[in-house]
Amino acid sequence: MLLSMSMHAQTKTAAEYFAGTWSVLLKGLPQGDTKMVFVLDKKDSTITGAVQDTSGKEIAKLDKVELTANSATVYFNAQGYDVNLVMNKKDDDHITRSLMGMFDAEGERVKRAK
């Protein structure tokens, strides 16, 4: 019983896990592979944030984020299209999944220098 209580106390919520900055490579887009940065901020038990290009320029604000235990689906508008990216937890610092269910995506948490 003590072991189960200890393990439960260390479990992060989905909002805590996905909060942060993620560098995501979108593969096979019509214009080629593209890297985007997702800056996700935890607000209470949910996520807000924005999408940036690799130079840090904001592309779009997130319209909505849906969280489950091991995934986050972020919705935003890019080049006039409403799109979504599903991010599945792979390990502590990596995600996988897809953009619009058509293009593979893999991402890595951007670590901040301490």
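This is a predicted model, so every value here is computed, not measured.

### Remarks on the sheet that holds strand β6 (residues 71–78)
Turning to step 1, where the next piece is worked out: On the basis of which strands lie adjacent, the open sheet formed by nine strands has the order β4-β3-β2-β1-β9-β8-β7-β6-β5 and antiparallel pairing. What marks the edges here is a single partner per strand, and that holds for β4 (58–61) and β5 (64–67). If you compare each strand with its neighbour and ignore which way they point, the axes differ by 25° on average.
Turning to step 2, where the next piece is worked out: Bridge analysis of strand β1 (residues 20–26) against strand β2 (residues 34–43) gives seven bridges, and the strand direction is antiparallel. Looking across to β2, one finds that Thr 21 is bridged to Val 39.

### Things to note about the nonpolar core
Turning to step 1, where the next piece is worked out: Phe 38, Leu 40, Val 74, Phe 76 and Leu 85 are the most contacted members of the largest nonpolar core, which totals 28 residues.
Turning to step 2, where the next piece is worked out: Listing elements by their share of this core, those giving two or more residues are α2 (14–18), β1, β2, β3 (46–52), β6, β7 (81–91), β8 (94–99) and β9 (103–109).
Turning to step 3, where the next piece is worked out: If we ignore the near neighbours within four places in the chain, the residues touching Val 74 are Phe 38, Leu 40, Leu 62, Lys 64, Val 65, Val 83, Asn 84, Leu 85 and Met 87.

### Regarding unusual backbone geometry
Turning to step 1, where the next piece is worked out: In the Ramachandran plot, Gln 79 falls in the positive-phi region, its phi being about 50° despite a non-glycine side chain.
Turning to step 2, where the next piece is worked out: Assignment of secondary structure puts Gln 79 in the loop between β6 and β7.
Turning to step 3, where the next piece is worked out: Judged by relative accessible area, which is 73%, Gln 79 ranks as exposed.
Turning to step 4, where the next piece is worked out: Of note in the backbone geometry, Arg 97 takes a positive phi value of approximately 150° without being a glycine.
Turning to step 5, where the next piece is worked out: Along the polypeptide, Arg 97 turns up in strand β8.

### With respect to the side chain of Ser 71
Turning to step 1, where the next piece is worked out: When you line up the elements, Ser 71 lands in strand β6.
Turning to step 2, where the next piece is worked out: When neighbours within four sequence positions are excluded, Ser 71 is seen to be in contact with Phe 18, Glu 66, Met 87 and Asn 88.

### Points about the side chain of Asp 93
Turning to step 1, where the next piece is worked out: Tracing the backbone shows Asp 93 in the loop between β7 and β8.
Turning to step 2, where the next piece is worked out: At 2.9 Å, the side chain of Asp 93 and the side chain of Lys 111 are in polar contact.
Turning to step 3, where the next piece is worked out: Residues in contact with Asp 93, not counting those within four places in the same chain, are Tyr 17, Trp 22, Gly 107, Glu 108, Arg 109 and Lys 111.

### Looking at the pairing of β2
Turning to step 1, where the next piece is worked out: Sheet topology note: the β2/β3 ladder contains seven bridges and is antiparallel. Each residue of the ladder has a partner; that of Lys 42, found in β3, is Ile 47.
Turning to step 2, where the next piece is worked out: Counting the residues in the hairpin turn of β2 and β3 gives two residues, including Asp 44, whose phi is positive at 60°.

### Let's talk about the packing of aromatic side chains
Turning to step 1, where the next piece is worked out: Counted under the stated rule, the structure contains four aromatic pairs.
Turning to step 2, where the next piece is worked out: For the pair Phe 18 and Trp 22, a centre-to-centre distance of 6.4 Å together with 45° between the ring planes defines the contact as tilted.
Turning to step 3, where the next piece is worked out: Residue classification places Trp 22 among the buried residues on the basis of a relative accessible area of 0%.
Turning to step 4, where the next piece is worked out: Ring geometry for Phe 38 versus Phe 76: centroids 5.7 Å apart, planes at 70°, classification edge-to-face. One end of the pair, Phe 38, is in strand β2; the other, Phe 76, is in strand β6, with 38 residues separating them in the sequence. Of the two residues, Phe 38 and Phe 76, neither departs from the other in class, the shared state being buried.
Turning to step 5, where the next piece is worked out: Aromatic rings pair up to connect Tyr 17, Phe 18 and Trp 22 into one cluster.
Turning to step 6, where the next piece is worked out: The ring of Tyr 75 carries Lys 64 above its face, with NZ or CZ at 4.6 Å from the centroid.

Cut-offs applied
Residues numbered from 1 in each chain as written. Predicted model: local features only at pLDDT ≥ 70, side-chain atom pairs only at ≥ 80, totals over all residues. Heavy atoms only, no water. Pairing = 2+ DSSP bridges. Helix = DSSP H or I, 4+ residues; strand = E, 2+ residues; numbered from the N terminus. Axes fitted to C-alpha atoms, helices over the stretch in contact; angles between N-to-C directions. Core = buried A, V, L, I, M, F, W, Y, C linked by side-chain atoms within 4.5 Å. Buried < 20%, exposed > 50% of the residue type's maximum accessible area, 1.4 Å probe, protein only. Contact = heavy atoms within 4.5 Å. Polar contact = N/O pair within 3.5 Å; in protein donor to acceptor, adjacent residues only side chain to side chain. Phe/Tyr/Trp six-rings, centres within 6.5 Å; stacked < 30°, edge-to-face > 60°. Lys NZ or Arg CZ within 6 Å of the ring centre and 35° of its normal.

Purely geometric numbers; function is a separate question.
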